[in-house]
Amino acid sequence: MKPTKIPCCKCKTELATVLIRHAYYCKVCFTFVFVGKYRSIITKSRSISRNKGKVLLACSGGPSSLAMLNLTHEFRRVEPHEKKKVQILGPTVICHLDESTIFEEQKDTLGKLQKLMKEKYPDVPFVSNRLEDVFSDEFSDNHHIDKSLKSVTEFGNIGYEHYVQLIQETPDKTSPADRLKHLFANINKNTSKEDLHWHIKFAMLVSIARREGCSYIFMADSSTRQAIKMISMTSKGRGYSIPMDVGAENNASFKDLVIMRPMKDMLAKEIALYNRYYGLDAHVIAPTQWGTRMAAKTSIDRLTEEFITTLDRDFPSTVSTVSRTASKLTPSSDVDLSRRCAICLMPHQSKINEWRKRITVTTPQGGSLEPDVTKSCGTTEEGGCCGGGSGGGCDSSKSGIDMNEYLCYSCQVDLKDYKEAAIESLPPYVTHIIDEKERQERLREQIEEFLLSDDEE
Ligand SMILES: [Zn+2]
Ligand SMILES: [Zn+2]
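This report concerns the structure included in the present document. Fair warning: this is a prediction, and the values are worked out from it, not measured in the lab. (Residues numbered from 1 in each chain as written. Chains lettered and ligands numbered in written order. Predicted model: local features only at pLDDT ≥ 70, side-chain atom pairs only at ≥ 80, totals over all residues. Heavy atoms only, no water.)

Some remarks on the packing of helix 1 (residues 27-44) against helix 3 (residues 63-76)
What counts is decided by this rule: Here the axes come from fitting lines to C-alpha atoms, over the contacting stretch only for helices, and the angles between their N-to-C directions go from 0 to 180 degrees. Strands are runs of DSSP state E lasting at least two residues, helices are runs of H or I lasting at least four, and both sets are numbered from the N terminus onward. Oblique is the label for any angle not covered by the other classes, which are roughly parallel (under 35 degrees), roughly antiparallel (over 145) and roughly perpendicular (65 to 115). Any two residues whose heavy atoms approach within 4.5 Å at even a single point are treated as in contact.
Viewed as axis vectors pointing N to C, helix 1 and helix 3 meet at an angle of 70°, and their least axial separation amounts to 11 Å. The angle between helix 1 and helix 3 places the two elements in the roughly perpendicular class. Contacts between helix 1 and helix 3 involve Phe34, Val35, Tyr38, Arg39, Ile42 and Thr43 from the first element and Leu71, Thr72 and Phe75 from the second.

Here's the deal with the pattern of salt bridges
Quick note on the threshold: Take a side-chain nitrogen of Lys or Arg and a carboxyl oxygen of Asp or Glu: if they are within 4 Å of each other, that pair is a salt bridge. Partly exposed describes any residue whose relative accessible area lies between the buried limit of under 20% and the exposed limit of over 50%, with all areas from a 1.4 Å probe on protein chains only and scaled to the type maximum.
Scanning all chains against the criterion turns up 19 salt bridges. Residue glutamate 132 pairs with arginine 130 through a salt bridge whose shortest N-O separation is 2.8 Å. Classification of glutamate 132 by relative accessible area gives buried; the value is 7%. Residue arginine 130 is classed as partly exposed on the basis of its relative accessible area, which comes to 33%. Arginine 210 is the salt-bridge partner of aspartate 256, the closest N and O atoms lying 2.7 Å from each other. One end of the pair, aspartate 256, is in the loop between strand 7 (249-250) and strand 8 (258-260); the other, arginine 210, is in helix 8 (residues 190-211), and 46 residues separate them in sequence. Among the charged side chains, a network of salt bridges with common partners joins Asp98, Arg130 and Glu132.

Describing the coordination of the zinc ion (ligand 1)
Our working definition: Counted as donors are N, O and S atoms no farther than 2.8 Å from the metal, or 3.2 Å for Na, K and Ca; water is not among the atoms, and sites may therefore look incomplete. Working rule for geometry: tetrahedral if four donors all subtend angles between 85 and 135 degrees; square planar for four, octahedral for six, if opposite donors exceed 155 degrees and the others stay between 65 and 115; irregular in every other situation.
Around the zinc ion (ligand 1), the protein contributes the donor atoms Cys8 (SG), Cys11 (SG), Cys26 (SG) and Cys29 (SG), which lie 2.2 to 2.3 Å from the metal centre. Because the angles between the four donor atoms bound to the zinc ion (ligand 1) fall within 101 to 116°, the donor set is best described as tetrahedral. Of note, the zinc ion (ligand 1) draws all its donor residues from one chain, in the sequence arrangement C-x2-C-x14-C-x2-C. Here cysteine 29 lies in helix 1 and cysteine 8 lies in the segment before strand 1 (18-20), a separation of 21 residues in the sequence. Here cysteine 8 matches cysteine 29 in class, with each residue buried.

Any link to function would need more than the numbers given here.
Dropping the structure here:
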């Protein structure tokens, strides 16, 4: 902003140098207000007031995550002259996921971040994993699958055994990096790629947080990002889990972890200004996605981004209105947290398949416009999971497993863009969740006849 003669709207003495939406601020007052937004989310958090646990700071190197890093660092710093030395936040760990295997542009990111950490935050532990590590034992439970493979064979379910075998065999053939590339190369649409990319990162952050003994994960979603996520996720059919996907404080999804978004009230422009004032802007690394530098129609996320930012240019209240609405959402009262989607880890509704059949329009040829419900894992290219029959329902008891049973609606829709090769290359954590649910289901079936129902005496 050019120097003006307009006084700051807060202190009324200094001349304003910053225009945020309709308000003029001087630099000091802007920083005060900006930091205040962060402080208010932390100090008002019910989870933090109950349990002062360790915090994992998810850091991509993008503007918002660097600002969050600095804000958290400043917030935890206790000035020697301060009488009340109450530390609200527990110790922090910075966590970066290296995506250079799938995004060439990110190959220097880790090095740059490590340099910044050494310079600015030498006392804060920094951990990093490569995205392909999601295939390693650390992020899976292979030993567990071995055990269940044996118990399942007793029931003679060949399809299931084949499925587990497939998942176990694939990593031996290729390196994790190749497997990751292979996975994304076999997904047709950018929207499905972006979704899976995000779900993998999220699942890894959850694992890393547990490994590091953290009780909190701080995500740096800005107000602008929240607004984009709110609209794009609604259009992708994630309405059921959206309060947990975008909320400032999600303490419902996991028993041992709280997901916090302390940057959810900051606009992208405010974050850029803060970074400039703190000398962080030179360290910012632009994030990459499949839709980056491509036309707006490349993916739903990219299209929504274009829509929101263009609208916000002419109507500067757009972002804050949408993101304020997002933060008012609460999970549905009947949400079943034990029913977790195997890919995105968020709770999902039961009986989605039946519901979808009711609302689906079918074409005269008998083809259906709905997502392919027959997609399953453990299928072979020659035979197909349904004995080569096209359009028929997949009988999971005879051949492979119908993956849709274990996915939320939105992930089911994405699955329709996965080729067989992509399904076979899904990370082991997905298999693990399916395996666990499958075992529970089998156990329930086995003991069912011994259970008394409520009306039986
Ligand atoms: Zn001022
Ligand atoms: Zn899902």
